[in-house]
Each structure stands twice: as C-alpha cells, then as structure tokens.
Amino acid sequence: MWYLERQSRYCAEKKPLTLCLRLQYSIPSAASFDAVPEWVELARRVSARKEDLVIAIVGTKADLTCRRSVAEAAAACASSASGVFAETSAKTGAGVDELFECVVAKGLATAPPALSIDLSGTGEAHSGCCCVCL
C-alpha cells in the first residue's frame, strides 16, 4: 500500500487500482453533514470506476463527545454507499489508524487482482496495490 500524495514521479507513472473519496464533516455541527449524502450520490453517478471506488465518511472532532449530532445518519449514509464510516480526532489521534486500516481493507477487497507494477521507480516489478485518496 502506497500513499502517493506529492509523489509526482509515482503518480505520473501509475494508475491507482483503488480510488478513495473521503468526505468529512464536523461531529458537533449537523449543518456540516447536510451535503454529504449529495456528494456520495454525485460521486457514484460520475465515477467511471464505481466498483472500486471506496467512499469514506469521516466525522472529525470526535474528542468533543458532548456535542454529537449526526453520527447515526452518517453511519447509515456510509452503509448505504457500501462505504466506510469513522470518527476521528486530530487533537487526540483517535480513530485515524482505524480509518486508514478500514479504507485499505475495503480497497483491497474491491481492487482488481494484483498486478505486477513498479512502485519504486527502479524498474523492478512488485506485486501490490496503489491507493490514492482524493
């Protein structure tokens, strides 16, 4: 699994096998979630690779537990999109590793069979998967 942000030499040479769309909203703000279902629908409608598009709906500011507002709706939205739901906190780091692991597992489950590709730029072939989070 390779994270390819800002790695132009890899991005220019490789086609990602799995695409990930991360939609974030602020847990304490119900209004920040309002457009998420529309974005999910739009992504599904316009994606040329619907079968291997991983949609992750992520609630941020999970450390503010006393102000939860839309967790159930967000989880239901992720479930209906066959996506991933997680709550994370930048302040404490909670949920970040679990989110990444869920996205990777979902991506590997939906990716085409492993191809022999050069991820190092050295010309050596390695079996594996690329994931670019958009």
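Definitions and limits used
- Residues numbered from 1 in each chain as written.
- Predicted model: local features only at pLDDT ≥ 70, side-chain atom pairs only at ≥ 80, totals over all residues.
- Heavy atoms only, no water.
- Helix = DSSP H or I, 4+ residues; strand = E, 2+ residues; numbered from the N terminus.
- Contact = heavy atoms within 4.5 Å.
- Patch = residues over 30% accessible without salt bridge, like charges linked within 9 Å, V, L, I, M, F, W, Y side chains within 5 Å.
- Areas by Shrake-Rupley, 256 points an atom, 1.4 Å probe, with all protein chains shown as cover.
- Salt bridge = Lys/Arg side-chain N within 4 Å of Asp/Glu carboxyl O.
- pLDDT = per-residue confidence, 0-100.
- Buried < 20%, exposed > 50% of the residue type's maximum accessible area, 1.4 Å probe, protein only.
- Pairing = 2+ DSSP bridges.
- Right-handed = clockwise from strand over helix to strand, strands pointing away.
- Polar contact = N/O pair within 3.5 Å; in protein donor to acceptor, adjacent residues only side chain to side chain.
- Expected span 1.5 Å × (residues − 1).
- Arc of directions from axis to C-beta.

Peer 1: Summarise the side chain of Ser26; cite the residues concerned and give the values.
Peer 2: One can find Ser26 in strand 2 (residues 18-26). The contact partners of Ser26, leaving out residues within four places of it in the chain, are Ser32, Thr60 and Lys61.

Peer 1: I'd love a proper account of the environment of Val36, names of residues and values included.
Peer 2: Inspection of the secondary structure assignment puts Val36 in helix 3 (residues 36-46). As a C-alpha pair, Val36 and Cys77 span 41 residues in sequence and 8.4 Å in three-dimensional space.

Peer 1: Give a detailed account of unusual backbone geometry, specifying residues and quantitative values.
Peer 2: Unlike most non-glycine residues, Lys61 shows phi in positive territory, near 65°. Backbone geometry places Ser82, a non-glycine residue, at a positive phi of 50°. Tracing the backbone through its elements, the reader meets Ser82 in the loop between helix 4 (71-80) and strand 4 (84-87).

Peer 1: Explain a nonpolar patch on the surface to me, using residue names and the numbers behind them.
Peer 2: A contiguous nonpolar patch, built from Trp39, Leu42 and Val46 and spanning about 310 Å² of accessible area, is present on the exposed surface. Looking at where Trp39 falls in the secondary structure, it is placed in helix 3.

Peer 1: Which residues make up the confidence of the model for the protein chain, and what values do they have?
Peer 2: When pLDDT is averaged across the protein chain, the result is 75; 68% of the residues are at 70 or more. Looking at the elements of the protein chain, mean pLDDT is at its lowest for strand 7 (residues 130-133), recorded as 36, and at its highest for strand 4, recorded as 92. Predicted confidence for residues 1-6 stays below pLDDT 50, and this span has 13 contacts to residues more than four positions away or in other chains. The low-confidence segment residues 123-134, where pLDDT is below 50, has 43 contacts with residues more than four positions distant or belonging to other chains.

Peer 1: Can you tell me about the pairing of strand 4, naming the residues and giving the values?
Peer 2: Alternating positions in strand 4 separate cleanly, Val84 and Ala86 being buried on one face and Phe85 and Glu87 remaining unburied on the opposite face. As judged from the 4 bridges shared by strand 3 (residues 53-60) and strand 4, these two strands associate in the parallel manner. Across the sheet, the residue bridging to Val58 is Ala86, located in strand 4. Following the chain from strand 3 across helix 4 to the adjacent parallel strand 4, one finds a crossover that is right-handed.

Peer 1: Break down the side chain of Ser89 for me, citing the residues and quoting the values.
Peer 2: Within the element layout of this structure, Ser89 appears in the loop between strand 4 and helix 5 (96-110). In this structure the side chain of Ser89 is engaged in a polar contact, spanning 2.7 Å, whose partner is the side chain of Asp63. Filtering out sequence-adjacent residues up to four positions away, Ser89 remains in contact with Ala62, Asp63, Ala94 and Val96.

Peer 1: Kindly report on helix 5, identifying the contributing residues and their values.
Peer 2: When the terminal C-alpha atoms of helix 5 are compared, their 21 Å separation across 15 residues agrees well with the 21 Å that a helix rising 1.5 Å per residue should span. Every buried residue of helix 5 is listed here: Leu99, Val103, Val104 and Gly107. Along the axis of helix 5, the buried residues cluster in a sector spanning 130°; they form a single face. The outward face of helix 5, more than 90 degrees from its buried face, is lined by the exposed residues Asp97, Glu101, Leu108 and Ala109.

Peer 1: Hey, could you go over helix 4 for me, with residue numbers and the actual values?
Peer 2: The complete set of buried residues in helix 4 reads Ala74, Cys77 and Ala78. Each buried residue of helix 4 sits inside an arc of 95° when the element is viewed along its axis, so together they form one side. Opposite the buried face of helix 4, at more than 90 degrees from it, the exposed residues are Glu72, Ser79 and Ser80. Just past helix 4, the residue Ser82 takes up positive phi, approximately 50°.

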